[in-house]
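Here's the letter readout for the chains.
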Number of protein chains: 2
Amino acid sequence: MSPALVRGKFSESSVRRLSSYHRVLDDLARQDTEVISSNQLAVLAGTNPAQIRKDLSYFGTFGKRGSGYPVRDLRESIRAILGLNRSWRTVLAGAGNLGHALFSYKEFARYGFEIVGVFDVDPEKVGKIWDGVTISPLSSCAEVITEKQVELALVVTPAAAAQAVVDELCRAGIRGILNFAPRKVEAPPEVVLRNVNITVELEGLTFALQRGIC
Amino acid sequence: MSPALVRGKFSESSVRRLSSYHRVLDDLARQDTEVISSNQLAVLAGTNPAQIRKDLSYFGTFGKRGSGYPVRDLRESIRAILGLNRSWRTVLAGAGNLGHALFSYKEFARYGFEIVGVFDVDPEKVGKIWDGVTISPLSSCAEVITEKQVELALVVTPAAAAQAVVDELCRAGIRGILNFAPRKVEAPPEVVLRNVNITVELEGLTFALQRGIC
C-alpha cells in the first residue's frame, strides 16, 4: 500500500496543490515548454520546491535532481494520479441558475467531466432540453445512473432539499458527490462527498481586507 | 501586532476552518442552542478540539475550559474576525450564466455581500436589468466603483478576458477580487486576490475515487 492510500495521510490541501501543478504544467505544455525547474514550477504554482518534492514523493520519483521536470511527462503522471486521464460520467441535480452555469462550464468537459443527465423536481423544468440533454424528474435518477453508468453528481439544489437529494443519489448507486447547496450534507462511507461553499472564498477575502493582509 | 497579522502565519486553511466554525455556530444559534462543547463543535465542523483551540487562540480567549463555548458570543466574535459584521459592496464583472448564478445566490446577501453593479462588454447584455441592477459597460466600472464605494469584485469573464478585466478593476480602485475565470490572474500587492477553481473540487473527488479513499 502506497503512503497516499493511508486515509488522511495525503491531505486535502496536498490534492489542491497537485491540481495546481497540473494546471501550470498543462499551460506550459500548450506553450511547448519542455522542461521546467522546480523553482519555476514552485513560483507558478504559488508554493516552494521542497513542498513540490514532498507532494510528488508520495507517488514515485519524478525528474532528475539538477535537470528540472519534463513538462509533458509530469503532467501525464499528475493527470493519472488525479484521475483525469479518463472521463467521468456526471449528472447534475438541480436545473436552476447555478446548475445551468455549471452545465455550461467548458472547463469541466476539458478535464473529462461529462454531464450526461440533469434532474429537477420542478414540472416546469422537466422536459426542457439543455444542449441535447433532457431535464428529467429526480425520481428517475436511479434509472439514468444505472443505464448511463454515471459515477459523479453535482448537487445544486436549494439548501433545504440537498440532504434528501443526496440520499436519493446514494441509493441510486452514485460514487462521488460535489455539493454546492449551502448546507453541509452527509453520505454513507462508500460515497466520496465534498461540500463546496462559495461564500467561504469570499470570507477569505474579507478576512484579509479586515486584517490588512494582502 | 497580533500573530494573525503576520503574513502567512495564519494559513488559508485556518481561515477556511473559521468559516466552517462560523457556519456551524450560525446554524446552532438559529436552533437556539446556547452552549456547545468543543468536542461537539469539532465533530460538526469536521475537525478536532485541539485544532479549534489553536485556531481561536490567535484572536483571544474564548469559552471557559470545561464549560464549552457560548454559541452566540463565539459566532459574533468569529463574524467580526472574518469581516462579516458589516456589509461589503460588491460588483460582478461578467454577465454570463455563472455571473447570473452568483448574482442570484442568496447566501451572499445573508453574509453581507451586496451586489450593487454588474458589468459586461457585450452590447446585447448592457442595459438589461437584473433584479433592479442595470448591466453597465465594463468601461464605466471606475465611475461605479467610486460612486457606490465598492470594495469587492467577482470576476466571471471568459479565461482570455480575465487578466485585462482584473487590471481595469484594480486601476478603478477595487480592494478585493474573487476570480472565477479558469485562469490564474495577478493583481498589484495592495489588492487582495483569490482565484477560485471549481474543477479543483471535482479533482479532489476523482483523486479519492481513483485511490479508493472515501
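Residues numbered from 1 in each chain as written. Chains lettered and ligands numbered in written order. Predicted model: local features only at pLDDT ≥ 70, side-chain atom pairs only at ≥ 80, totals over all residues. Heavy atoms only, no water.

## Quick look at the overall build of chain A
Argument step 1. A tally of helices and strands in chain A yields 9 helices and 9 strands.
Argument step 2. Overall, chain A is about 60 × 45 × 35 Å in size when its C-alpha atoms are taken along their principal axes.
Argument step 3. Looking at chain A as a whole, 52% of its 214 residues qualify as buried.
Argument step 4. Pairs at least 24 residues apart make up 56% of the contacts formed inside chain A by residues separated by at least 6 positions.
Argument step 5. With the model as given, the accessible surface of chain A reaches about 10,100 Å², and the carbon-plus-sulfur share is 50%.
Argument step 6. Of the side chains in chain A, 26 bear a positive and 23 a negative charge, and the two mean positions are spaced by 8 Å. (Helix = DSSP H or I, 4+ residues; strand = E, 2+ residues; numbered from the N terminus. Buried < 20%, exposed > 50% of the residue type's maximum accessible area, 1.4 Å probe, protein only. Contact = heavy atoms within 4.5 Å. Areas by Shrake-Rupley, 256 points an atom, 1.4 Å probe, with all protein chains shown as cover. Lys, Arg positive; Asp, Glu negative; His and termini not counted. Charge placed at Lys NZ, Arg CZ, Asp CG, Glu CD.)

## Overview of the sheet that holds strand β8 (residues 176–179) of chain A
Residue and element names in this part refer to chain A.
Argument step 1. If you walk across this open sheet you meet the 7 strands as β5-β6-β4-β3-β7-β8-β9, and the pairing is mixed. The strands lining the two open edges of the sheet, one partner per strand, are β5 (129–130) and β9 (192–195).
Argument step 2. Pairing of strand β3 (residues 88–93) with strand β4 (residues 113–120) involves 6 bridges; the strand directions are parallel. When the bridges of β4 are listed, Arg89 appears paired with Glu114. (Pairing = 2+ DSSP bridges.)

## What to know about the relation of the copies chain A and chain B
Argument step 1. Placing chain A over chain B gives an RMSD of 0.0 Å and needs a rotation angle of 180 degrees, together with 0.0 Å of translation along the axis. On the angle and the small slide along the axis, the relation comes out as a two-fold axis.
Argument step 2. With an isologous cut-off of 70% or more, the 100% of interface residues of chain A that recur at the interface of chain B puts this contact in the isologous class. (Least-squares fit on C-alpha atoms with pLDDT ≥ 70 in both.)

## A word on the interface of chain A and chain B
Argument step 1. At the interface, 66 residues of chain A touch 66 residues of chain B.
Argument step 2. Linking chain A to chain B there are 4 salt bridges.
Argument step 3. The salt bridge partner of Arg23 of chain B is Glu203 of chain A, with a shortest N-O separation of 3.1 Å.
Argument step 4. The tally of links from chain A across to chain B stands at 19 residue pairs in polar contact (both at pLDDT 80 or more).
Argument step 5. Residues belonging to the side of chain A that touches chain B are distributed by class as follows: 40 nonpolar, 14 polar and 12 charged. (Salt bridge = Lys/Arg side-chain N within 4 Å of Asp/Glu carboxyl O. Polar contact = N/O pair within 3.5 Å; in protein donor to acceptor, adjacent residues only side chain to side chain. Nonpolar A, V, L, I, M, F, W, Y, C, P; charged D, E, K, R; others polar.)

## Some points on the sheet that holds strand β9 (residues 192–195) of chain B
Argument step 1. Strands sit in the order β5-β6-β4-β3-β7-β8-β9 (chain B) across an open sheet of 7 strands; the sheet is mixed. Of all strands in the sheet, those with a lone pairing partner are β5 (129–130) and β9 of chain B, marking the two edges.
Argument step 2. Against the sheet, helix α9 (residues 198–211) of chain A makes contact with β3 (88–93), β4 (113–120), β7 (152–155), β8 (176–179) and β9 of chain B, and its axis sits at roughly 160 degrees relative to β9 of chain B, the strand it touches most. (Axes fitted to C-alpha atoms, helices over the stretch in contact; angles between N-to-C directions.)

## Focus: the pairing of β3 of chain A
Residue and element names in this part refer to chain A.
Argument step 1. In terms of burial, β3 is largely enclosed, as 5 of its 6 residues are buried.
Argument step 2. The sheet contact formed by β3 and strand β7 (residues 152–155) spans 4 bridges and is parallel. Across the sheet, Ala93 pairs through a bridge with Val155, a residue of β7.

## Things to note about the side chain of His22 of chain B
Residue and element names in this part refer to chain B.
Argument step 1. Its place among the elements puts His22 in helix α1 (residues 12–30).
Argument step 2. For His22, a relative accessible area of 0% gives the class buried.
Argument step 3. In contact with His22, not counting residues within four places along its chain, are Arg75, Ile78, Arg79, Leu82, Leu84 and Tyr111.

## Description of helix α4 (residues 71–81) of chain B
All names here are of chain B.
Argument step 1. For α4, the full list of buried residues reads Val71, Leu74, Arg75, Ile78, Arg79 and Ile81. Along the axis of α4, the buried positions cluster into a sector of 160 degrees, meaning they face one direction only.
Argument step 2. At the exit of α4 stands Gly83, carrying a positive phi of roughly 75 degrees. (Arc of directions from axis to C-beta.)

## Comments concerning the state of the cysteines
Argument step 1. A complete count under the given rule lists 0 disulfides over all chains for this structure.
Argument step 2. Free cysteine Cys170 of chain A: the closest other cysteine sulfur is in Cys141 of chain A, separated by 9.8 Å. (Disulfide = S-S within 2.5 Å.)

## Re the packing of helix α1 (residues 12–30) of chain A against helix α4 (residues 71–81) of chain A
Residue and element names in this part refer to chain A.
Argument step 1. Interhelical geometry of α1 versus α4 gives an angle of 140 degrees and a closest axis separation of 9 Å. At the point where α1 passes α4, the crossing takes the left-handed sense. Between α1 and α4, the residues in contact are Leu18, Tyr21, His22, Leu25, Asp26, Leu28 and Ala29 and Val71, Arg72, Leu74, Arg75, Ile78, Arg79 and Ile81, respectively.
Argument step 2. Here the residues of the contact of α1 with α4 are counted per class, giving 9 nonpolar, 1 polar and 4 charged. (Left-handed = near helix turned anticlockwise from the far one by under 90°.)

## Overview of the side chain of Thr206 of chain B
Argument step 1. Note that Thr206 of chain B resides in helix α9 (residues 198–211).
Argument step 2. With sequence-adjacent residues up to four places away left out, Thr206 of chain B is seen in contact with Leu82, Gly83, Leu84, Trp88, Phe113 and Leu152 of chain A.

## Some words on the packing of aromatic side chains
Argument step 1. One pass over the full model with this rule turns up 10 aromatic pairs over all chains.
Argument step 2. For the pair Phe108 of chain B and Phe113 of chain B, a centre-to-centre distance of 6.3 Å together with 80 degrees between the ring planes defines the contact as edge-to-face. Side by side, Phe108 of chain B and Phe113 of chain B carry an identical accessibility label, which is buried.
Argument step 3. Clustering of aromatic rings is evident, with ring pairs tying together Tyr58 and Phe59 of chain A together with Phe207 of chain B. (Phe/Tyr/Trp six-rings, centres within 6.5 Å; stacked < 30°, edge-to-face > 60°.)

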